[in-house]
Amino acid sequence: MAFHDAFDDDWRAAAACRDMDTSIFFPETDEDAGPAKAVCASCPVAEACLDFAMKNRQEEGVWGGMTQTERRRQRRRLQEAARAARRQQVA
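Model, not experiment: these values are computed from the prediction.

Participant: So, helix α1 (residues 34-41): which residues are in play, and what are the values?
Facilitator: Within α1 the residues assigned to the buried category are Ala36, Val39 and Cys40. The buried residues of α1 occupy an angular sector of 100 degrees when projected down its axis, which confines them to one face. Tucked inside the fold, the buried residues of α1 contact α2 (46-55).

Here is the structure:
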């Protein structure tokens, strides 16, 4: 995952969702996120969107094709990998 500047939102102008009703990206459950994820799958800036959400700890909605649950899991995996790397450096 290539992280972008957390405050640089120039990517939004090219987002596939830019003119859509945002309610699609805030489904009631993760199981209802299919339509939003379909939009993200064809978006040219999905990676920048996901980076933005991860860096800014967006807690709700679908960003860059990931639900809030998926982003939490990804954050946990990244934190665990960073801890493991630090342990390797110390050893």
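Participant: Help me get a handle on the layout of surface pockets, residues and values and all.
Facilitator: Counted as a void, the largest pocket has a volume near 340 Å³. As for the largest pocket, its lining consists of 17 residues, and the residues nearest its centre are Trp11, Arg12, Cys17, Cys49 and Trp63. For the lining of the largest pocket, the secondary-structure elements that each account for two or more residues are α1 and α2. Class assignment for the residues of the lining of the largest pocket results in 13 nonpolar, 2 polar and 2 charged.

Participant: Summarise unusual backbone geometry; cite the residues concerned and give the values.
Facilitator: Backbone geometry places Arg57, a non-glycine residue, at a positive phi of 50 degrees. Its place among the elements puts Arg57 in the loop between α2 and α3 (68-90). You can call Arg57 partly exposed: its relative accessible area is 46%.

Participant: Any details on the environment of Trp11? Residues and values, ideally.
Facilitator: For Trp11, the position within the fold is in the segment before α1. Taking the relative accessible area as the measure of exposure, Trp11 reaches 12% and is therefore buried. As a C-alpha pair, Trp11 and Cys49 span 38 residues in sequence and 7.5 Å in three-dimensional space. Excluding anything up to four places from it in sequence, Trp11 contacts Val45, Ala48, Cys49, Phe52 and Trp63.

Participant: Lay out the nonpolar core with the relevant residues and their values.
Facilitator: Counting 10 residues, the largest nonpolar core is built from Trp11, Ala15, Cys43, Val45, Ala46, Ala48, Cys49, Phe52, Ala53 and Trp63. Discounting chain neighbours no more than four positions away, the residues touching Ala15 are Cys43 and Val45. Counting 6 residues, the second largest nonpolar core, distinct from the first, contains Phe25, Val39, Cys40 and Val62.

Participant: Help me get a handle on the packing of α2 against α3, residues and values and all.
Facilitator: Where α2 contacts α3, the axes come no closer than 11 Å and their chain directions differ by 75 degrees. As summarised for this structure, α2 and α3 are arranged roughly perpendicular, according to the angle between their axes. Of the residues in α3, those in contact with Leu50, Ala53 and Met54 of α2 are Arg71, Gln74, Arg75 and Leu78. Residue classes in the contact of α2 with α3 are distributed as 4 nonpolar, 1 polar and 2 charged.

Calculation criteria
- Residues numbered from 1 in each chain as written.
- Predicted model: local features only at pLDDT ≥ 70, side-chain atom pairs only at ≥ 80, totals over all residues.
- Heavy atoms only, no water.
- Buried < 20%, exposed > 50% of the residue type's maximum accessible area, 1.4 Å probe, protein only.
- Helix = DSSP H or I, 4+ residues; strand = E, 2+ residues; numbered from the N terminus.
- Arc of directions from axis to C-beta.
- Contact = heavy atoms within 4.5 Å.
- 1 Å grid on protein atoms, 1.4 Å probe; cavity = no way out; pocket = protein on both sides within 12 Å on 5 of 7 lines; lining within 4 Å.
- Points joined across faces, edges and corners; volume = space filled by probe spheres on them.
- Nonpolar A, V, L, I, M, F, W, Y, C, P; charged D, E, K, R; others polar.
- Core = buried A, V, L, I, M, F, W, Y, C linked by side-chain atoms within 4.5 Å.
- Axes fitted to C-alpha atoms, helices over the stretch in contact; angles between N-to-C directions.
- Parallel < 35°, antiparallel > 145°, perpendicular 65-115°, else oblique.

Keep in mind these numbers describe shape, not what the thing actually does.
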